[in-house]
Amino acid sequence: MTRAPDLHADVGEILLTEEQIATRVAELGRRISEDYAGRPVTLVSVLKGSLPFMADLMRAIDLPLRIDLMEVSSYGGGATESSGLVRILKDLSATIEREDVLIVEDIIDTGLTLNYLVRYLRGKNPATLRICTLLDKPARRLVEIPVDYIGFTIPDQFVVGYGLDYGELYRNLRFVGVLRPEVYAGPAEAEVAGV
Ligand code: PRP
Ligand code: 7HP
């Protein structure tokens, strides 16, 4: 039988509170403002997961900046594993040639999404291309990605909230929490996980 999603009960543990996220985003904004020191920067948000992070980060940066949005997908439907097949669902709306570009991501897991995106954006000849991610899950990495700004390094657990989803739900939680395995595991996996 399919369980009905429950926004709060489906989260087992709060990994990052709203306050912790706000403090870290403010720190990242200050560092980015210092590093680019008066140069205009173009933030490229990778939808949909980075939406809340992008909205908060851009207001924490004290620089002239432009924003653009891309949407890519590698986690089909309700999957917790990357398909490895990255598809561009929405492309940039303006040129980034000779601009200082900062990619804004919610999470780097296998690295496959960013590996694809970095190659794609490099082909558009930005002056510089850097990466800022709210979350880094290094235990799952399949391809190495040099990351310039990391909010939090997290353990190998499937998390939701503050933009991150499972089956398109939970993005509106104000914190980042660990999704209970019984929400996504079949009966066999749930038994192994002791749930
Ligand atoms: C998620 C997330 C990252 C990517 C990271 O995107 O937002 O873009 O997966 O995983 P990877 O490092 O293993 O490639 P998703 O495809 O789920 O789209 P979404 O942002 O719309 O949730
Ligand atoms: C993608 C993704 N989406 C939500 N939660 C996680 O832990 C994830 N890893 N990679």
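Everything numeric in this text was worked out from a predicted model, so none of it was measured.

### Remarks on the sheet that holds strand E9 (residues 176-179)
Across the sheet, which stays open at both edges, the three strands sit in the order E1-E9-E8 with antiparallel pairing between neighbours. Lying at the two open borders of the sheet, with one neighbouring strand each, are strand E1 (11-16) and strand E8 (159-160). The pairing of E1 with E9 spans four bridges and is antiparallel. Looking at the pairing, Ile-14 lines up with Gly-177 of E9.

### Some remarks on the pattern of salt bridges
The full count for this structure, using the stated rule, is 13 salt bridges. Of the charged contacts, one joins Lys-48 and Glu-71 as a salt bridge, the two residues approaching to 3.9 Å between their closest N and O atoms. One end of the pair, Lys-48, is in the loop between strand E2 (41-47) and helix H2 (51-60); the other, Glu-71, is in strand E3 (residues 65-73), with 23 residues separating them in the sequence. Given the relative accessible area of 19%, Glu-71 is considered buried. In this structure, the salt-bridge partner of Lys-137 is Asp-109, at a minimum N-O distance of 3.2 Å. Here Asp-109 lies in the loop between strand E5 (100-108) and helix H3 (112-122) and Lys-137 lies in the loop between strand E6 (128-136) and strand E7 (149-153), a separation of 28 residues in the sequence. Overall, Lys-137 belongs to the buried group, its relative accessible area being 3%. Where salt bridges share partners, they join Lys-48, Glu-71, Asp-165, Glu-168 and Arg-171 into one cluster.

What counts, and where the lines are drawn
- Residues numbered from 1 in each chain as written.
- Chains lettered and ligands numbered in written order.
- Predicted model: local features only at pLDDT ≥ 70, side-chain atom pairs only at ≥ 80, totals over all residues.
- Heavy atoms only, no water.
- Pairing = 2+ DSSP bridges.
- Helix = DSSP H or I, 4+ residues; strand = E, 2+ residues; numbered from the N terminus.
- Salt bridge = Lys/Arg side-chain N within 4 Å of Asp/Glu carboxyl O.
- Buried < 20%, exposed > 50% of the residue type's maximum accessible area, 1.4 Å probe, protein only.

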